[in-house]
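Residues per chain, in single letters:
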Amino acid sequence: MALGLLAVAAIGVVINLARGRPWWDGLWTYLPLVMLFHFWRLPTPPGGSQRTLLPVRLDDQRLEMSGPGDTTLAIDWSNVERAEIRGRLTPSLHVEPVDPERTRPPMRRWQWAGYGQSRPYEIVVPLTGMTPGPGVLRRELARRLPGATREDTLGLRQ
């Protein structure tokens, strides 16, 4: 996609020069294409570079998240200290257990280190493109977490 966008920009430069305009004239019009290509993801077949497991799964006893290397981490609801969804364009679920030793399998410090992680046992799961969507996940977290407030699950508390 990036090569295609560069080719379109190069064609635009050639057309501008052929018409006697400055080469940069009108290149800003390609900005919406850049944004479209940035947020648009092509589906990949199983076994590709994207994970094939569901990123988040909820049931009555636990919260399960798929992670690197096709591992799955399960945290009982009583062991969830914090679970909130952050971001609008690129939402992500931030979860932190009360006791990392009680997760299945037990967590190590910075085991799930990734973009946006700020604490040693924090888990950040990207939710971009997930269905049914972050709104449904927020409602389910509010319903299942024992001491959650509306601000916690909506991501309003900083």
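Residues numbered from 1 in each chain as written. Predicted model: local features only at pLDDT ≥ 70, side-chain atom pairs only at ≥ 80, totals over all residues. Heavy atoms only, no water.

K.L.:
What am I meant to see in the nonpolar core here?
P.N.:
Soluble globular proteins tend to bury their nonpolar side chains together. Formed by 20 residues in total, the largest nonpolar core has its most connected members in Met-65, Leu-93, Val-95 and Ile-123. Within the residue set of this core, elements represented by two or more residues are strand S2 (62-66), strand S3 (72-76), strand S4 (80-86), strand S5 (92-97), strand S6 (123-126) and helix H3 (134-144). Element by element, the count of residues in this core is highest for S4, at three residues. For Met-65, the contacting residues outside a window of four places in its chain are Pro-55, Val-56, Thr-71, Thr-72, Leu-73, Ile-75, Val-95, Trp-112, Ile-123 and Val-125. (Core = buried A, V, L, I, M, F, W, Y, C linked by side-chain atoms within 4.5 Å. Buried < 20%, exposed > 50% of the residue type's maximum accessible area, 1.4 Å probe, protein only. Helix = DSSP H or I, 4+ residues; strand = E, 2+ residues; numbered from the N terminus. Contact = heavy atoms within 4.5 Å.)

K.L.:
Just to check I follow, could you spell out the packing of aromatic side chains for this structure?
P.N.:
Two aromatic rings are characterised by how far apart their centres lie and by the angle between their planes. Using the criterion set out here, one finds one aromatic pair in the structure. Considering the side-chain rings of Trp-23 and Trp-24, the 5.8 Å spacing of their centres and the 90 degrees angle between planes classify their relative orientation as edge-to-face. Residue Trp-23 is classed as partly exposed on the basis of its relative accessible area, which comes to 45%. According to the relative accessible area criterion, Trp-24 is exposed, its value standing at 54%. (Phe/Tyr/Trp six-rings, centres within 6.5 Å; stacked < 30°, edge-to-face > 60°.)

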